[in-house]
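# Coordinate analysis (summary)
Each chain, written out:
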Amino acid sequence: MTSNRSKPLLNWRRPWWLVVLGVMLGFGLLQEQSKIKVNHYLRVGDAQQFWDDDAPTRTTWWDAHAPVGRHNFYVSRATWPLFHSLNRSQLVAFKWGLSAAVLLIFFVLDVLFLRATGVPERVPWLVLIYVTAGIPMVGLGFSSPGEPWYALARDMLGFLQSPLPSVMVVLVPWFLARMNATDHVA
């Protein structure tokens, strides 16, 4: 005999959780491409020192000379026209603002996933995961790319900007309940 806790929470008859998961994956790809574009523009701008140029000059230079940006399987030369009108500090502020907005959107999607799977009472566990993973992210403000703390902070940010937190909150208790049920049967 199995308890309600060991029954799968991912109901195929009401697949709202699948829709939310699909939105999370699609949004994750878009936000990753966005961050890659920002970082590519920052690297090229630093290498070419075009930060003091006006937007039309930077646009013309970019269209004619911008190198291809490669990051894992993302390859792009395109950028957002908005970047040409921002100075370096504004673009860095945009990058941090984008990261914060993406984090907030993922939190909302995580909460929606918990609701769609029928376990909204586990939101405090989700908050705990966000707080715990957020502690190392303080390192982003106090370290530079290439340093170990920065790498850990980037990994934590990537974790939170994915479906993994809510999937863990949904599935880990289910797996534990199933293991417990199996132990009692044996």
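See the structure printed just above.
Residues numbered from 1 in each chain as written. Predicted model: local features only at pLDDT ≥ 70, side-chain atom pairs only at ≥ 80, totals over all residues. Heavy atoms only, no water.

Looking only at helices and strands, the protein chain has 7 helices and 2 strands in total. Starting at the N terminus and ending at the C terminus, the protein chain contains elements arranged as α-α-β-β-α-α-α-α-α. Over its C-alpha trace the protein chain gives a radius of gyration of 21 Å, far above what one expects of a compact globule, namely 16 Å for 186 residues. For the protein chain, the C-alpha atoms occupy an extent of roughly 70 × 35 × 25 Å along the three principal directions. (Helix = DSSP H or I, 4+ residues; strand = E, 2+ residues; numbered from the N terminus. Rg over C-alpha atoms; globule rule 2.2 N^0.38 Å.)

Let's shift gears to the nonpolar core. In this structure, Tyr41, Leu91, Phe113 and Leu160 are the most contacted members of the largest nonpolar core, which totals 35 residues. Looking at this core, the elements with two or more residues in it are helix H1 (16-48), helix H3 (88-116), helix H4 (123-137), helix H6 (148-160) and helix H7 (164-185). Leaving out residues up to four positions away in the same chain, Tyr41 has contacts with Phe50, Trp51, Arg58, Trp62, Thr79, Phe83, His84 and Leu91. (Core = buried A, V, L, I, M, F, W, Y, C linked by side-chain atoms within 4.5 Å. Buried < 20%, exposed > 50% of the residue type's maximum accessible area, 1.4 Å probe, protein only. Contact = heavy atoms within 4.5 Å.)

The next subject is the packing of aromatic side chains. Scanning all chains against the criterion turns up 13 aromatic pairs. Following the ring pairs from residue to residue traces out a cluster consisting of Tyr41, Phe50, Trp51, Trp61, Trp62, Trp80, Phe83 and Phe94. (Phe/Tyr/Trp six-rings, centres within 6.5 Å; stacked < 30°, edge-to-face > 60°.)

Looking now at the packing of H1 against H3. Running from N to C, H1 and H3 cross one another at 170 degrees; their axes reach a closest spacing of 10 Å. Relative to H3, H1 is oriented roughly antiparallel. Considered class by class, the residues forming the contact of H1 with H3 number 21 nonpolar, 5 polar and 5 charged. (Axes fitted to C-alpha atoms, helices over the stretch in contact; angles between N-to-C directions. Parallel < 35°, antiparallel > 145°, perpendicular 65-115°, else oblique. Nonpolar A, V, L, I, M, F, W, Y, C, P; charged D, E, K, R; others polar.)

Mapped onto the elements of the fold, Leu10 is located in the segment before H1. In this structure, Leu10 is in contact with Trp17, Phe113, Thr117, Val170 and Leu171, ignoring residues within four places of it in sequence.

Once that is clear, we can look at the packing of H1 against helix H2 (residues 55-65). Two measures define how a pair of helices packs: the angle their axes make with one another and the distance between the axes. At a minimum axis separation of 13 Å, H1 and H2 run at an interaxial angle of 100 degrees. Comparing the axis directions of H1 and H2 gives the class roughly perpendicular. Only Arg58, Trp61 and Trp62 of H2 make contact with H1, whose side of the interface consists of His40, Tyr41, Val44 and Gln48. Its residues placed into classes, the contact of H1 with H2 shows 4 nonpolar, 2 polar and 1 charged.

Quick look at the environment of Gly26 now. Among the secondary structure elements, Gly26 is positioned in helix H1. Looking at Gly26, the relative accessible area reads 31%, which means it is partly exposed. The spacing of Gly26 and Leu103 is 77 residues in sequence and 15 Å in space, taken between C-alpha atoms.

This part covers unusual backbone geometry. Glycine aside, the phi torsion of most residues is negative, and most peptide linkages are trans. The phi angle at Gln49 is positive, at roughly 50 degrees, despite the residue not being glycine. Mapped onto the elements, Gln49 comes out in the loop between H1 and H2. Residue classification places Gln49 among the exposed residues on the basis of a relative accessible area of 57%.

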